[in-house]
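# Tertiary structure, described
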Amino acid sequence: MSIKGVVVRVPAKVNLQLAVGPLESDGFHEVTTIFQAISLFDDVTVKFGEANTGISLTVSGSTSSGVPVDESNLAYKAAKLMVLRYGISEDIAIHLKKEIPVAGGMAGGSADAAGVLVGIDSLFELGLSRDDLEKLAAELGSDVPFSISGGVAIGTGRGDQITPALARGSYHWVLALAGQGLSTPAVYQECDRLREGLVISKPQVGDEMMQALRAGDPVALGKALSNDLQAAACSLRPALRLVLDVGRDYGALGGIVSGSGPTVAFIVADEEKSLDLTVALSASGVVAGVVRANGPVPGARVIETR
Ligand code: ATP
């Protein structure tokens, strides 16, 4: 029997470190970052559509509210790119089952785009390599290549040039979710405003973090977490400082605003600490939700064919 559809599972990411360079003349910033993929997933189903229906998109799941279902969705753009590049039929039906927070600094839209690239490659038997897929991904957005690769990786350039990092161990994360997202461009703008008049050096990740990853040491990793966008995210959303305080008070090994926020990611020592912090955050009244996750996990991969 021939395959009619595939389901691709794609992970969210946290940035263990995010170093942001100065504002460049084209309006962008050079970044150097360390990504870790974690066990919070969107499932992307890609099927052959009915004749002459074009690319169709539907969305469900706990975080689907407010996700666009038109051409502005990054998943739609990914499908369009594959149609134009490989001359395949445009009749493709995409369904996103979303669990990754929207505009949460966890690369939700990028994950869906990566899922579509991997799904179309598999469904149409294009035989693309991971390298090919990562190159296509870079055309869609800076976080999309990492959503393909997963694991732990260093991102340079706009964050889109991915090199796998030597990393050991598995880590427990507790994620404090916000009720409302933050716009990534707005957070970068606020970062520029806060840095006005300062000399900003070339972005670099620290040796401590690389050593912590090589050793698989969660205590050292907790200490080495850093994010140049954190001050800007906290400036736009002061309540994030309270969230970070709860983590500190309830035994997290480290806490950080993930990417451009507003999700705050805490690393904890074990399952028990993870439960303690989950209860404390839920009771604090300063978060909209709490999710526990582990990392690293693999990038976009087919989990089912139909
Ligand atoms: P990043 O961490 O890569 O900066 P993010 O996780 O903060 O991204 P997304 O969840 O990707 O943010 O959403 C940012 C905006 O992109 C949303 O407000 C939404 O309007 C739009 N968007 C486009 N496609 C998607 C998608 N597939 N899922 C969610 N949002 C999408």
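Please refer to the structure higher up on the page.
Here is a short report on the structure shown in this document. (Residues numbered from 1 in each chain as written. Predicted model: local features only at pLDDT ≥ 70, side-chain atom pairs only at ≥ 80, totals over all residues. Heavy atoms only, no water.)

Between helix H1 (residues 74-86) and helix H2 (residues 108-123), the least distance of the axes is 7 Å, while the angle of their chain directions is 30 degrees. With respect to each other, H1 and H2 are oriented roughly parallel. Both H1 and H2 take part in a crossing whose hand is right-handed. Side by side, H1 and H2 meet where Leu74, Ala75, Ala78, Ala79 and Met82 of the first sit next to Gly109, Ser110, Asp112, Ala113, Val116, Leu117, Ile120 and Asp121 of the second. (Axes fitted to C-alpha atoms, helices over the stretch in contact; angles between N-to-C directions. Helix = DSSP H or I, 4+ residues; strand = E, 2+ residues; numbered from the N terminus. Parallel < 35°, antiparallel > 145°, perpendicular 65-115°, else oblique. Left-handed = near helix turned anticlockwise from the far one by under 90°. Contact = heavy atoms within 4.5 Å.)

To continue, consider the pairing of strand E10 (residues 264-268). Judged by how many residues are buried, E10 sits mostly within the fold: five of five residues are covered. On E10, burial covers both faces: Val264, Phe266 and Val268 on one face and Ala265 and Ile267 on the other are all buried. Bridging between strand E7 (residues 171-177) and E10 involves five bridges; their strand directions are antiparallel. What sits directly across from Leu175, in E10, is Ala265. Pairing analysis gives four bridges linking strand E9 (residues 254-257) to E10, with the strands arranged antiparallel. Note on E10: the bridge partner recorded for Gly255 is Phe266. Hairpin connection of E9 to E10: six residues between the antiparallel strands, including Gly259 at a positive phi of 55 degrees. (Buried < 20%, exposed > 50% of the residue type's maximum accessible area, 1.4 Å probe, protein only. Pairing = 2+ DSSP bridges.)

Counted by the stated rule, this structure contains two aromatic pairs. Both rings, one in Phe35 and one in Phe146, keep their centres 4.5 Å apart while their planes meet at 15 degrees; by these two values the pair is stacked. With Phe35 in strand E2 (residues 29-48) and Phe146 in helix H4 (residues 144-149), the pair connects residues that are 111 residues apart, well separated along the chain. Classification of Phe146 as buried rests on a relative accessible area of 2%. A centroid spacing of 5.1 Å and a plane angle of 80 degrees characterise the contact between Phe48 and Phe124, whose relative ring orientation is edge-to-face. Of this pair, Phe48 sits in strand E2 while Phe124 sits in the loop between H2 and helix H3 (130-140), and the two are 76 residues apart along the sequence. Assessed through its relative accessible area of 40%, Phe48 is described here as partly exposed. Lying across the ring of Phe41, Arg9 places its NZ or CZ 5.5 Å from the centre. (Phe/Tyr/Trp six-rings, centres within 6.5 Å; stacked < 30°, edge-to-face > 60°. Lys NZ or Arg CZ within 6 Å of the ring centre and 35° of its normal.)

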